[in-house]
Amino acid sequence: MLTLRERQINAIKQMLNLNSQQPKALAAEPVWKILIYDRVGQDIISPIISIKELRELGVTLHVQLHSDRDSIPDVPAIYFCLPTDENLDRIQQDFSNGLYDVYHLNFLAPITRSKIENLAAAALHAGCVANIQRVYDQYVNFISLEDDFFVLKHQQSEQMSYYAINRANTRDDEMEALMDSIVDSLFALFVTLGNVPIIRCPRNSAAEMVARKLEKKLRENLWDARANLFHMDATQAGGGVFSFQRPVLLLLDRNMDLATPLHHTWSYQALVHDVLDLGLNLVYVEDETASAGARKKPKACDLDRNDRFWMTHKGSPFPTVAEAIQEELESYRNSEEEIKRLKTSMGIEGESDIAFSLVNDTTARLTNAVNSLPQLMEKKRLIDMHTKIATAILNFIKARRLDSYFEIEEKVMSKQTLDRPLLDLLRDGEFGQAEDKLRLYIIYFICAQHLPESEQERLKDALQAAGCDLTALAYVQRWKGIMNRSPGVSQATQYEGGGTKTVSMFTKLVSQGSSFVMEGVKNLVVKRHNLPVTKITEQVMECRSNAETDDYLYLDPKLLKGGDVLPKNRAPFQDAVVFMVGGGNYIEYQNLVDFIKQKQTSNVQRRIIYGASTLTNAKQFLKELSALGGEIQSPTATS
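Note that the structure is predicted; figures quoted are calculated from it, not measured.

A.B. asks: Looking at this model, I keep getting lost on the packing of helix α1 (residues 4-16) against helix α7 (residues 172-193). Mind explaining?
C.D. replies: When two helices pack together, their arrangement is given by the angle between the helix axes and by the axis-to-axis distance. Orientation of α1 relative to α7, taken along the N-to-C sense of each, is 90°, at an axis distance of 9 Å. The angle between α1 and α7 places the two elements in the roughly perpendicular class. Contacts between α1 and α7 involve L4, R7 and Q8 from the first element and L189, T192 and L193 from the second.

A.B. asks: Explanation requested: the sheet that holds strand β8 (residues 198-201) in the structure shown.
C.D. replies: In sheet architecture, strand pairing relies on hydrogen bonds along the backbone and comes in two forms, parallel and antiparallel. The sheet built from seven strands is open, its strands ordered β6-β7-β16-β15-β9-β8-β14 with mixed pairing. Of all the strands in the sheet, just β6 (143-146) and β14 (553-555) have a single pairing partner and so form its edges. Each strand axis lies, on average, 20° off the axis of its neighbour in the sheet, ignoring direction. Here strand β15 (residues 575-581) runs beside strand β16 (residues 607-612); their pairing, made up of six bridges, is parallel. The residue of β16 that forms the bridge with V578 is Y610.

A.B. asks: Can you help me understand the nonpolar core in this one?
C.D. replies: Nonpolar side chains tend toward joint burial in soluble globular proteins. Judged by nonpolar contacts, the single largest core of 85 residues is most densely connected at L16, L35, F80, V272, I389 and I393. By residue number, the principal contributor to this core is helix α13 (residues 367-400), which donates eight residues. Non-local contacts of I393, meaning those with residues more than four positions away in its chain, are made with Y268, L271, V272, V275, L276 and F318. Judged by nonpolar contacts, the second largest core, of 40 residues, contains I408, L426, L440 and A462.

A.B. asks: In this structure, what is going on with the packing of aromatic side chains? I would like to understand it.
C.D. replies: Any aromatic ring pair is given by two values, namely how distant the centres are and how the planes are angled relative to each other. In total, this model carries 19 aromatic pairs according to the counting rule given. Consider the rings of F149 and Y586, whose centres lie 5.3 Å apart with planes at 85°: the pair is edge-to-face. Of this pair, F149 sits in strand β7 (residues 149-151) while Y586 sits in helix α22 (residues 586-599), placing them 437 residues apart in sequence. A relative accessible area of 3% places Y586 in the buried class. An aromatic cluster of three or more residues is present, and its members are Y79, F95, Y100 and Y103. Over the face of the ring belonging to F187 we find K217, whose NZ or CZ atom lies 5.1 Å from the ring centre. Geometry around F445 places K480 over its ring, the cationic atom sitting 4.8 Å from the centre.

A.B. asks: Mind showing me how you'd approach the sheet that holds strand β4 (residues 100-107) here?
C.D. replies: The five strands are arranged β2-β1-β3-β4-β5 in an open sheet whose pairing can be described as parallel. Of all strands in the sheet, those bounded by a partner on one side alone are β2 (59-64) and β5 (132-137). Put simply, the sheet's adjacent strands are angled 20° from each other on average, direction ignored. Two strands pair when backbone bridges link them, and strand β1 (residues 33-37) and β2 are joined in this way by five bridges, in the parallel orientation. Along β2, the bridge assignment pairs L35 with H62. Together, β1, β2, β3 (72-81) and β4 form the strand contacts of α1, whose direction differs from that of β3 by roughly 155°. Across the sheet, helix α4 (residues 85-97) is in contact with β3, β4 and β5; its angle to β4 comes to roughly 165°.

A.B. asks: Hey, could you run me through the side chain of E146 in this one?
C.D. replies: You can see E146 is positioned in strand β6. Look at E146 and you get buried, because its relative accessible area is 6%. Setting aside residues no more than four positions away along its own chain, E146 makes contact with R5, Q269, N281, M311, K314 and Y589.

A.B. asks: Where do I start with the environment of I49 in this structure?
C.D. replies: Inspection of the secondary structure assignment puts I49 in the loop between α2 (39-45) and α3 (51-56). The class of I49 is buried, set by a relative accessible area of 4%. Considering only alpha carbons, one finds I49 and K13, 36 residues apart in sequence, at a separation of 8.9 Å. Not counting chain neighbours up to four residues away, the residues in contact with I49 comprise I12, K13, L16 and L54.

A.B. asks: Got a minute to help me understand helix α16 (residues 434-447) in this structure?
C.D. replies: Within an α-helix, residues lying three or four positions from one another point in the same direction, as the helix has 3.6 residues per turn. In this model α16 runs 20 Å from its N-terminal to its C-terminal C-alpha over 14 residues, within 8% of the 20 Å that 1.5 Å per residue would give. Counting buried positions along α16 yields 12 of 14 residues, so the element is predominantly enclosed. Here α16 has its buried residues at D436, K437, L438, R439, L440, Y441, I442, I443, Y444, F445, I446 and C447.

A.B. asks: Looking at this structure, I do not really get the pattern of salt bridges. What am I missing?
C.D. replies: Should the charged atoms of two oppositely charged side chains come close, the side chains can pair. Using the criterion set out here, one finds 35 salt bridges in the structure. Taking the shortest distance from any N to any O, the salt bridge between K411 and D419 comes out at 3.1 Å. Take K411: its relative accessible area is 13%, and that puts it in the buried class. The closest approach of N and O atoms between R439 and E435, which form a salt bridge, is 3.5 Å. Of this pair, R439 and E435 both sit in helix α16, four residues apart, roughly one helical turn. Owing to a relative accessible area of 0%, R439 belongs among the buried residues under this scheme. It is possible to trace a salt-bridge network through shared partners that takes in D274, R400, E435, D436 and R439.

A.B. asks: I would appreciate a short explanation of the pairing of β5 in the present structure.
C.D. replies: Looking along a regular strand, one sees the side chains alternate between the two faces of the sheet. In this sheet, β5 lies alongside β4 in parallel orientation, the contact comprising five bridges. Within β5, the residue paired with F107 across the bridge is D137. On the question of chirality, the crossover connecting β4 to the parallel β5 by way of helix α5 (residues 113-126) is right-handed.

A.B. asks: Which parts of the structure should I look at to understand α5?
C.D. replies: For α5, built from 14 residues, the straight-helix expectation of 20 Å at 1.5 Å per residue is met to within 8% by its first-to-last C-alpha distance of 20 Å. If you check which residues of α5 are buried, you get L119, A122 and A123. Angularly, the buried residues of α5 cover 100° about the axis, an arc narrow enough to put them on a single face. Facing away from the buried side of α5 by over 90 degrees, the exposed positions are R113, L124 and H125. Lining the buried residues of α5 we find α4, β4 and β5. Immediately beyond the C-terminal end of α5, within one or two residues, lies G127, with a positive phi of roughly 70°.

About the criteria used
Residues numbered from 1 in each chain as written. Predicted model: local features only at pLDDT ≥ 70, side-chain atom pairs only at ≥ 80, totals over all residues. Heavy atoms only, no water. Axes fitted to C-alpha atoms, helices over the stretch in contact; angles between N-to-C directions. Helix = DSSP H or I, 4+ residues; strand = E, 2+ residues; numbered from the N terminus. Parallel < 35°, antiparallel > 145°, perpendicular 65-115°, else oblique. Contact = heavy atoms within 4.5 Å. Pairing = 2+ DSSP bridges. Core = buried A, V, L, I, M, F, W, Y, C linked by side-chain atoms within 4.5 Å. Buried < 20%, exposed > 50% of the residue type's maximum accessible area, 1.4 Å probe, protein only. Phe/Tyr/Trp six-rings, centres within 6.5 Å; stacked < 30°, edge-to-face > 60°. Lys NZ or Arg CZ within 6 Å of the ring centre and 35° of its normal. Expected span 1.5 Å × (residues − 1). Salt bridge = Lys/Arg side-chain N within 4 Å of Asp/Glu carboxyl O. Right-handed = clockwise from strand over helix to strand, strands pointing away. Arc of directions from axis to C-beta.

None of this, on its own, says anything about what the molecule does.
Here is the structure:
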């Protein structure tokens, strides 16, 4: 059964194949073509199709729509962009300049009738109607970062951020446009999956706005005999992504949990995102090997699914990753002697690209040697890359005491007593950066049942002395007040925290003379626990009765008369799409991955896809909270 990511790749490959089915035999020479995309199109393609794969599909040139482009005759031009006025104006300009002989227009979202009429008029005026081969609506307007993880926006993601949804002075039309763009992307997601979901979400939230609009859009499409995009729902070859059972779409609002996005983390992928700004599966790490005096330039590291080490360890605790890198290095060193022998026997020196091509050219002559050599060289490249990334993370962990922060926050969330009072920690100048202290205090504030005013003031004074900007606190206080008044779970009780235990210090690393100097870093093992998102997902998938989730809307777009009341007898869901309106993070994603792994049985395959309007790390989320806090404080300052 194909995953969401694989389906999106197939849809895009078919588009690059000029919207005809891919021939089974790859021996056929591809049609050479150029690809023109806008920023959104670029974000969608870059994490799933590499430049090498584009070449194999016959794309010789890929350029931005709004860049200066020269005329290239005799080659089909594939446009892949949103049908915005700005983009359509540029396409019309290309028509009138006669840049290309053959146009294939692929829009990421359905183009309206009036816009397509304008486009046709422009083509007529430019005299290039015959050159336009096809105009397609593609329904791929979302970004697949993993097989089971997607976001809606990367560049210009502030348009869909938590701040954009929650700021005080958003006009109604702006909010409508924002919700519509989320709905369009979720609709495209389910067209790609080939299933119509049952929708659940909390009432009176941004998630409810999205749910109602999405249900209307799905229902209208299902009952439209001509334009129904789901008519092959169960019958098409292989069916949808999910089994014959329909998935549940659980729409949640970021407001349900502000502590997790600020939580210090301990798993590899989430740490890379938190401290190194992982974006579209690409991370930039400063190159330590630059010669003295030369400026250190960041080196791009691609963390994709072809990297076996990354796929195995992205969810592992950092110490485990460090040990695994060390083990990989040991096994590589054992084969290094063999490599040297092979290289000299083939007359290759150095690890340049020429070396690779030489290696590949001589396959016939030295089959055995060559089969192992490219694999070993690739293994070495990946080990070096992960060593570089892990070293950079380790430096941050030591400088900012991230291990201690993680341990303390886990204790706060699981209501254990702290070894040192929080006030001491915040006053300790050696203990992390101002941003880390603020994150810890906000989590403490959210998880505390009752914090006396006097204690709050003392802690705030300590934060100010540490150089923290306290603007965000005004918003968090207001948010907690509203959440505690609303029915359902109190904020303080919804976190269980796993707690941690420290196991013996990195014995393997210390004994093997590792390249990682781990002194002073705790080897923390986390007990398995469910975050608020995972708890709700479990209750909704199992159809358990619970005061909080029973009140959630239940929308079924397949029913002619829509109601939002729970049906009496329901079977548990095998598959879920969990979508966070207002920004998601790798911590929740990893928690859901761990949860569903536990639920697998030999005869029942269960799956969860996690998605979010944007992907934010703690630094970006704090910035949004500060902007919201500033809005609360500024009216009082001016009056």
